[in-house]
Amino acid sequence: MTTTTEARPKLGFGAEEATFIGRSIRLSLRNPETLLMAVLLPVMIMLLFTFVFGGSIDPSGGYVDYVVPGIILLCAGFGASSTAVDVATDMETGIIDRFRTMQIRSWAVLTGHVVASLARNLLATGIVIGVAIAVGFRPTAGPIEWLGAIAVVALYILAITYLFAAIGLASGSPSAANGYGFILLFLPYLSSAFVRIETLPEWLRGVAEHQPLTPVIETIRGLLMGPAPEGVALVAVGWCLLILFLAVVWGAVMFRRKGGRR
Amino acid sequence: MAAAISIAGLRKSFRGQRVLDGIDLEVEAGTVLALLGPNGAGKTTLINILSTLVRADSGSARVGGADVATHPNRVRSMIGLTGQSAAVDQMLTGDENLRMMGRLFGLSRRAAAERSRELLSRLELSDSAHKRVKAYSGGMRRRLDLAISLIATPPILFLDEPTTGLDLRSRLELWQIIRSLGEDGVTVLLTTQYLEEADQLADRIAMLSGGVIVAIGTPADLKDQTGSEVVELRDSSGQLLREIQTDGTIRGLKLAINDFEAGALEGTVTLRRPSLEDVFLNLTSDQTMGVPA
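Note that the structure is predicted; figures quoted are calculated from it, not measured. (Residues numbered from 1 in each chain as written. Chains lettered and ligands numbered in written order. Predicted model: local features only at pLDDT ≥ 70, side-chain atom pairs only at ≥ 80, totals over all residues.)

K.L.:
I keep staring at the overall build of chain A and nothing clicks. Help me out?
P.N.:
The number of helices and strands found in chain A is ten helices and zero strands. Along chain A, helices and strands appear, N-terminal first, in the series α-α-α-α-α-α-α-α-α-α. In summary, chain A has a C-alpha radius of gyration of 20 Å against a globular reference of 18 Å for 262 residues, a match within 12%. Overall, the C-alpha framework of chain A stretches about 80 × 35 × 35 Å when taken along its three principal axes. Relative to its full complement of 262 residues, chain A shows a buried share of 46%. Long-range contacts, defined here as pairs at least 24 residues apart, represent 80% of the contacts in chain A between residues at least 6 apart. (Helix = DSSP H or I, 4+ residues; strand = E, 2+ residues; numbered from the N terminus. Rg over C-alpha atoms; globule rule 2.2 N^0.38 Å. Buried ≥ 20, exposed ≤ 12 C-beta atoms within 10 Å, placed from the backbone. Contact = placed C-beta atoms within 7 Å.)

Structure below.
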């Protein structure tokens, strides 16, 4: 008879996280189409804006320097949105319920998805910047500014990945979760990503000035291309931390509430 | 024998809809109990409460001596759960799934690989160990799911409709495995909508309908409850001529045939035991008509 009444040995600190991060990275590598789309789409949009619209937006030919920071965020947002699909898939197959019935910190399954998304998106961002430089992007940043820009991009990816993880928990199915990704494809158009805010109609200017993407883009642009407006970096970091905080709280509530929905 | 699972007065509603309406149930250690009921009877909800996924509104449930509401982690250390959908990673191989789960159960890398090999061979998945689960058949996925539940050799196993949607061969294979678990002394609580499955696998059957247990007993007990055997007399074309209640003795059978007028000697006689189906339809139709069971 196999009746053991003692509890099983506890896992070492961080063992769940390590296992789940490994799992999510492996799942990402097994899904090259998603990875490819996350890189290809922003690159195509960048080429489109640089070579098709760029000439009429900025006839001097320097538009690529203006548009790249926005493209970096577009790329990050789109790449992170697949986290919602991954989490919703885990809910649907019931694997999250299985983790919950085990003696582990099952919440760590989300940490795995978030860390994998961060790794995936930083890689995609690197490729986008590489292509940008190939088509004429000439940043003036020194090493410190580069590090600062990467840190801001990473913080932004972290915040919206958590947001998408929570969306994945809240949405009923993977295909529903997929739909939300498009919202973040549109947000950059209503910011200073592609055109200067001064050129927008007045009612739209208010929206563009006060939405979180504009300070993040201005901060990255400032770091890569020259001085940013005073204090904008603080606003950008503040926005990212606020989104991160709200997403973690929302995700925790959803995770607790959605048990046993097989 | 000690009770591995004991449930008292368990109630649960979802959005005002009562799903479990006072469940009392004991499952002895080392036995297989089948929870039989139609869709929507509350089978999965009961499993979800016992496996710490959902909290009951009232009543209590103890699994392996630990209360599911106050000591969920103790309960989790003693159970395995295989749900209706195969809770496995489609993009990983069977072996990768098992090794990952082994790590989460606290096994070392080597021990996890070893355990994966053992279970793949026990559940006859060795040939597909390194294929992605995506390419598995439904039956293979269920077997892999079951293998994951067995990694930590839990003394108590919950199987929620383990064979729903499977073809006959896969179903028979799973039955064989579940039987061998019962023989190993694992306590199994399984839900099913198939009477035959309950009949084949379970030491005891609890019939669940409308959130309450309407009958419980061994398969034989339940069949006996629905009355005596029936002699069926058919003519040569197989047309049923008459059904006569009997007590199963030769005397009873002789009387039944004597009772039947001569002239149909070309016909056939069959003796029919009441089936679980009779019991089930009897009890659940009472329920839907609102007659207290």
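K.L.:
Mind showing me how you'd approach the nonpolar core here?
P.N.:
General note: in soluble globular proteins, nonpolar side chains tend to be found buried as a group. Membership of the largest hydrophobic core comes to 95 residues, with the highest contact counts inside it found for Ile72(A), Tyr156(A) and Val216(A). It is helix α3 (residues 63–93) of chain A that provides the largest number of residues to this core, a total of 18 residues. For Ile72(A), the residues in contact, after removing those within four places along its chain, are Thr125(A), Val128(A), Ile129(A), Val153(A) and Ile220(A). In terms of nonpolar packing, the next biggest core, distinct from the first, is built from 55 residues, Val27(B), Ala61(B), Ile79(B) and Leu181(B) among them. (Core = buried A, V, L, I, M, F, W, Y, C linked by C-beta atoms within 7 Å.)

K.L.:
What am I meant to see in the sheet that holds strand β1 (residues 3–14) of chain B here?
P.N.:
One key point about sheets: their strands pair by backbone hydrogen bonds, in either a parallel or an antiparallel sense. Residues and elements named next belong to chain B. Here four strands make up an open sheet; going across it, the order is β2-β1-β4-β5 and the pairing antiparallel. Looking at the sheet topology across the chains shown, the edges are occupied by β2 (17–28) and β5 (66–67). Pairing geometry for β1 and strand β4 (residues 58–63), over five bridges, is antiparallel. By the bridge assignment for β4, Ile5 is matched with Val63. (Pairing = 2+ DSSP bridges.)

K.L.:
How should the confidence of the model for chain B be read in this particular structure?
P.N.:
Residues and elements named next belong to chain B. Counting all residues, the mean pLDDT for chain B is 85, and 89% of those residues have values of 70 or more. Across chain B, helix α3 (residues 94–104) holds the top mean pLDDT of 95, while helix α10 (residues 276–288) sits lowest at 64. For the stretch residues 287–293, pLDDT sits under 50, and the model shows eight contacts to residues farther than four places along the chain or on other chains. Across the whole predicted complex the pTM is 0.83, and at the interface the ipTM reaches 0.83. (pLDDT = per-residue confidence, 0-100.)

K.L.:
How do you make sense of the environment of Val109(A) when you look at a structure like this?
P.N.:
Residues and elements named next belong to chain A. You can see Val109 is positioned in helix α5 (residues 108–134). Distance from Val109 to Ser82, taken between C-alpha atoms, is 15 Å for residues 27 residues apart in sequence. Other than its neighbours up to four places away in sequence, Val109 contacts Phe20, Asp90, Ile96 and Phe99.

K.L.:
Which parts of the structure should I look at to understand the sheet that holds strand β8 (residues 187–192) of chain B?
P.N.:
All names here are of chain B. One open sheet accounts for six strands, arranged β6-β7-β8-β3-β9-β10; its pairing is mixed. In this open sheet, the two strands that pair with only one neighbour each are β6 (79–82) and β10 (212–217). Each adjacent strand pair in this sheet contributes to an overall mean axis angle of 15°, direction not counted. Where strand β3 (residues 32–36) and strand β9 (residues 204–209) come together, four bridges link them in parallel fashion. Note that in β9 the partner of Leu33 across the bridge is Arg204. Relative to the sheet, helix α1 (residues 43–50) contacts β3, β7 (156–160), β8 and β9, its axis offset from that of β7 by approximately 150°. Along the sheet, helix α6 (residues 168–183) makes contact with β3, β7 and β8, crossing β8 at roughly 150°. (Axes fitted to C-alpha atoms, helices over the stretch in contact; angles between N-to-C directions.)

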